[in-house]
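# Residue-level structural notes
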Amino acid sequence: MAATQIVSHVVPFPQSVSAVEISQQELLELIEARNVLAQLGERVERLESSIRTRLEAGASVESGVHVATLKESFRRNVGWKDVVLRLAERLKMNGEAYCARVLAATRPTRTVSLIVN
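The structure contained in this document is the topic of the report that follows.

Calculation rules
- Every residue gets a number counted from 1 within its own chain, in the order that chain's sequence is written.
- Local features in this predicted model are restricted to residues whose pLDDT is 70 or higher, and side-chain atom pairs enter the listing and the counts only when it is 80 or higher, whereas totals over whole chains, interfaces and linings include all residues.
- For the side-chain quantities, the full set of heavy atoms in the structure was used; hydrogens and water were omitted.
- A helix here means a DSSP run of H or I that spans at least four residues, while a strand means a run of E at least two residues long, and both kinds are numbered starting from the N terminus.
- Burial classification: accessible surface area is computed with a 1.4 Å probe over protein chains only, and a residue below 20% of its type maximum counts as buried, one above 50% as exposed, and the rest as partly exposed.
- Should any heavy atoms of two residues lie within 4.5 Å, those residues are counted as being in contact.
- Working definition of accessibility: Shrake-Rupley area with a 1.4 Å probe, residue cover restricted to the visible protein chains.

### Some details on the overall build of the protein
Counting its regular elements, the protein contains 3 helices and 2 strands. Along its sequence from the N terminus, the protein presents helices and strands in the succession α-β-α-α-β. Taken across its 117 residues, the protein has 6% of its residues classed as buried. For the protein, the share of sequence-separated contacts (at least 6 apart) that also reach a separation of at least 24 residues comes to 68%. Counting every atom, the protein has about 11,000 Å² of accessible surface; 57% of that belongs to carbon and sulfur.

Written as structure tokens, this is what we have:
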């Protein structure tokens, strides 16, 4: 007969962080990191905008490892649907049929995303 071995693991409970004084250097590092992040964000926006504009104008992409394309999608905003269904129920109407007619008559909103791999 084999003996059953019970293994128990003790997971230490995290100790509270001691209230060590926050240095001016730490605060400065945080501020500088935030500034660098903001600058990088602006740089990314400029680069994406430039590439997107040129792709929309028909520019080609140099052969290589990376590819840049525009992904176009359309969507209809139907956030109003729940309100219409509740109202139709109160008015003894077929809310689903009305919503389907409105959706069919709604022009989709165009969105374009830049995809770089």
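Past the structure itself, the notes keep going.
### Some remarks on unusual backbone geometry
Positive phi is not limited to glycine here, since Lys92 has a value of about 60°. Using a relative accessible area of 76% as the deciding quantity, one classes Lys92 as exposed.

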